[in-house]
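Here's the letter readout for the chains.
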Amino acid sequence: MKVMVLGGGGREHAVVHAFSRSKITTELHCCPGNPGIAKLALCHAGDPCDPKAMKDLCTWLGIELVFVGPEAPLVAGTADALREAGILVVGPGASGARLEGSKAFSKTFMKKHGIPTSDFDLCTNLAECEAALKKRSAPYVVKADGLAAGKGAFLPETYDEAVAVCRMMLEEQKLGTAGNIIVVEDYVEGMEMTVLALTDGKTVRILPSSQDHKRALDGDKGNNTGGMGAYSPVPWVDDVFMKKVTDEVLTPTLKGLEADGIPFCGVIYAGIMIKPDGSLSVLEYNVRLGDPETQVVLPAFGGDFGEAALACAKGELCKVEWPGAVRTALGVVMASGGYPEAFEKGYVITGTDEDVPNTFVYHAGTKLDDKGRLVTNGGRVLTVVGLADDLPTARERAYARIAGIHFEKEHHRNDIGDKSLKRGK
Ligand code: GLY
């Protein structure tokens, strides 16, 4: 099949890598891609958030299957335009993408369909925000309704800070239209984990479990980021736990979508908090794979991801073999110094080209400069992955590989996977 992957980050590099290993792939394309992806796929300039441009590009190339990586093109309706052109797509249309694109929609959806989530209020002015905050105590949870590039969720520690955050969104419009509705919700304590699943709307297949590390610094200190590292599978996640997630979250989500007349074919990412009493609370849905979770989940997955994606797009997911995780992968993000706040770009990157067995270097914020050198071009620059039969070896391989990669002001966490290693099964 002629396959197109839309996007150009570390997640898309891992997806392209998985398709490059798949027996269904005869030709591999990516838009816009990045220098790492360009070694595996033909990259095309273009904006995945422009549905008509993507339809024209894919039609012109004779693409048969499209995998949409990021959320923004899904919210913009790119999957709808491709399907209208008769192309198979993994990724929901704009109506299903509201599960991620509107927190007001997703919280209301969960409440309506009995999916466990914290209590919440939707506010459209400051007086409503103040009333919602007064019903709660610190730490407060305040979220923008719309997509805000990972910058729309706040955990203010005082009432005054929480009001200031609401004012910043509602009155100063710092997040644009994403902040026109504010979700004020109860804080949930516990252990957070990611569940990624493919669904064709009828069948749901869970990908290997993974755990992200969201804070910038070791020991879960520092600012919240898009994710500084992950590993898969998570040793303490067993079939009993996954059955609970399926019964209480995934199956009710599919039933809710069906009852509301929303077609959904693609990825469901459930960010789940496991509360101290063992009960679950869904923090958020996303409608795409996680980044950097994908960079470890796909190498750990024992099946042919291309075949799984094709079956998903055709509505035949029930027919596909599903071996789950057969290896262990651990990935560490190498970031630009300063990320997630201001950082500089343009530093030369060395050491990514060596072929080191059982390691992968997935590109995100990289580009070739006018001299053809690989340079930094974003906050999260690379995800370096070690693959093994166990977590300690995967960790060792990832960090040994990192030691050979350099760019100025590089920053990474040194404790990815440590909590799990200490905790054991
Ligand atoms: N790593 C978190 C996310 O992809 O949203």
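Residues numbered from 1 in each chain as written. Predicted model: local features only at pLDDT ≥ 70, side-chain atom pairs only at ≥ 80, totals over all residues. Heavy atoms only, no water.

> Tell me what's going on with the nonpolar core, and back it up with residues and numbers.
Formed by 65 residues in total, the largest nonpolar core has its most connected members in M4, V66 and L330. The element best represented in this core is helix α9 (residues 239-259), accounting for seven residues. Among the nonpolar cores identified, the runner-up in size contains 33 residues, and V90, C265, L289 and V297 belong to it. (Core = buried A, V, L, I, M, F, W, Y, C linked by side-chain atoms within 4.5 Å. Buried < 20%, exposed > 50% of the residue type's maximum accessible area, 1.4 Å probe, protein only. Helix = DSSP H or I, 4+ residues; strand = E, 2+ residues; numbered from the N terminus.)

> An account of the pattern of salt bridges is needed here, citing residue identities and associated values.
In the structure shown here, the tally under the stated rule is 26 salt bridges. As a salt-bridge pair, K107 and E185 come within 3.4 Å of each other at their nearest N and O atoms. Of the two residues, K107 is situated in helix α6 (residues 103-112) and E185 in strand β9 (residues 182-185); the sequence distance between them amounts to 78 residues. Each of the two residues, K107 as well as E185, counts as buried. Residue R327 pairs with D389 through a salt bridge whose shortest N-O separation is 3.1 Å. Taken as a pair, R327 in the loop between α11 (305-314) and β18 (328-336) and D389 in the loop between β22 (380-388) and α12 (391-402) lie far apart in primary sequence, 62 residues in all. One connected set of salt bridges, linked through shared partners, spans D121, K135, R136 and D186. (Salt bridge = Lys/Arg side-chain N within 4 Å of Asp/Glu carboxyl O.)

> Residues and numbers for the sheet that holds strand β6 (residues 120-123), please.
Read from one edge to the other, the open sheet built from four strands follows the order β6-β9-β7-β8, with strand pairing classed as antiparallel. Looking at strand neighbours, the two that pair on one side only are β6 and β8 (153-154), the edges of this open sheet. Pairing between strand β7 (residues 141-144) and β9: four bridges, direction antiparallel. Within β9, the residue paired with A144 across the bridge is I182. Together, β6, β7 and β9 form the strand contacts of α6, whose direction differs from that of β6 by roughly 145°. (Pairing = 2+ DSSP bridges. Contact = heavy atoms within 4.5 Å. Axes fitted to C-alpha atoms, helices over the stretch in contact; angles between N-to-C directions.)

> Which residues make up empty space enclosed by the protein, and what values go with them?
Inspection of the entire model under this criterion finds one cavity of 30 Å³ or more. A volume near 50 Å³ is recorded for the largest cavity. Taken together, L99, E100, K103, S106, K107, M110, K143, E185, L283, E284 and Y285 form the lining of the largest cavity. At the level of elements, α5 (94-101), α6 and β17 (280-286) are the ones that each hand at least two residues to the lining of the largest cavity. Of the residues contributing to the lining of the largest cavity, the split by class is four nonpolar, one polar and six charged. (1 Å grid on protein atoms, 1.4 Å probe; cavity = no way out; pocket = protein on both sides within 12 Å on 5 of 7 lines; lining within 4 Å. Points joined across faces, edges and corners; volume = space filled by probe spheres on them. Nonpolar A, V, L, I, M, F, W, Y, C, P; charged D, E, K, R; others polar.)

> Run through helix α2 (residues 51-61), naming residues and quoting values.
Within the span of α2, buried status applies to M54, L57, C58 and L61. The buried residues of α2 occupy one face: seen down the axis, they fall within an arc of 90°. Residues of α2 that are exposed and point over 90 degrees away from its buried face: K52 and W60. On its buried face, α2 is in contact with β1 (2-7), β2 (27-32), β4 (65-68) and α4 (78-84). G62 sits one or two positions beyond α2 and adopts a positive phi of about 70°. (Arc of directions from axis to C-beta.)

> Mind laying out the environment of M191, listing which residues take part and the relevant values?
Assignment of secondary structure puts M191 in strand β10 (residues 191-199). Measuring from C-alpha to C-alpha, the distance between M191 and P276 comes to 7.9 Å, with 85 residues separating the pair along the chain. Leave out the neighbours within four places in its chain, and M191 touches Q211, W236, I272, M273, I274 and R423.

> An account of the site of the ligand is requested, with residue identities and associated values reported.
Residues in close proximity to the ligand include D212, K214, G226, Y269, N286, R288, G290, D291, P292 and E293, which together make up its full environment. A distance of 2.7 Å separates a nitrogen atom of the ligand from a polar atom in the side chain of D212. Protein coverage of the free-state accessible area of the ligand, which is 200 Å², stands at 89%. (Near = heavy atom within 4 Å. Polar contact = N/O pair within 3.5 Å; in protein donor to acceptor, adjacent residues only side chain to side chain. Areas by Shrake-Rupley, 256 points an atom, 1.4 Å probe, with all protein chains shown as cover.)

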